[in-house]
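Examining the three-dimensional arrangement
The chain contents come next:
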Amino acid sequence: MSDARERVRQHLLEHSVRHGDFILKSGRPSTWFIDSKKTICAPEVMVDLATLILERLPDDVTAIGD
């Protein structure tokens with residue numbers, strides 16, 4: 001596992017994974033929840049996330065959008 005991936009993984013585990021009793025948007029209960037915004041928006045891992053995304057994109061990609 002790359003250093004960038006490990007840092008993102010650790011951040012997710014420490015800051016984004018929640019344990020408890022939750023009712024999901026679907027109405028189903030869960031004992032855990034991942035609030036990925038806490039990691040995606042964290043300045044200390046933004047560069048690592050961008051690096052990981054760029055590594056996965058084909059070389060001929062010129063834009064990303066919806």
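Residues numbered from 1 in each chain as written. Predicted model: local features only at pLDDT ≥ 70, side-chain atom pairs only at ≥ 80, totals over all residues. Heavy atoms only, no water.

1. A word on helix 3 (residues 43-56)
- A rise of 1.5 Å per residue sets the reference length of helix 3, with its 14 residues, at 20 Å; its end C-alpha atoms lie 21 Å apart and thus fit the reference within 8%.
- The set of residues buried in helix 3 consists of V45, D48, L49 and L52. Projected down its long axis, helix 3 shows its buried positions confined to an angular sector of 105 degrees, all on one face. Every exposed residue of helix 3 that faces more than 90 degrees away from the buried side is listed here: P43, V47 and L54.
- Each element contacted by the buried residues of helix 3 is listed here: helix 1 (3-16) and helix 2 (37-40). (Helix = DSSP H or I, 4+ residues; strand = E, 2+ residues; numbered from the N terminus. Expected span 1.5 Å × (residues − 1). Buried < 20%, exposed > 50% of the residue type's maximum accessible area, 1.4 Å probe, protein only. Arc of directions from axis to C-beta. Contact = heavy atoms within 4.5 Å.)

2. Quick word on a nonpolar patch on the surface
- A surface patch of nonpolar side chains, amounting to about 280 Å² of accessible area, comprises I53, V61 and I64.
- Tracing the backbone through its elements, the reader meets I64 in the segment after helix 3. (Patch = residues over 30% accessible without salt bridge, like charges linked within 9 Å, V, L, I, M, F, W, Y side chains within 5 Å. Areas by Shrake-Rupley, 256 points an atom, 1.4 Å probe, with all protein chains shown as cover. Salt bridge = Lys/Arg side-chain N within 4 Å of Asp/Glu carboxyl O.)

3. Digging into the nonpolar core
- Within the largest apolar cluster, 6 residues are counted, these being A4, V8, A42, V45, L49 and L52.
- Of all the elements in the fold, those that place two or more residues in this core are helix 1 and helix 3.
- The element that contributes the greatest number of residues to this core is helix 3, accounting for 3 residues.
- In this structure, L52 is in contact with S2, A4, R5 and V8, ignoring residues within four places of it in sequence. (Core = buried A, V, L, I, M, F, W, Y, C linked by side-chain atoms within 4.5 Å.)

4. Some details on the side chain of S30
- In this structure, S30 sits in strand 2 (residues 29-34).
- Within the structure, the side chain of S30 is placed 2.7 Å from the backbone oxygen of W32, a separation counted as a polar contact.
- S30 has contacts with G20, D21, F22 and L24, leaving out every residue within four places of it along the chain. (Polar contact = N/O pair within 3.5 Å; in protein donor to acceptor, adjacent residues only side chain to side chain.)

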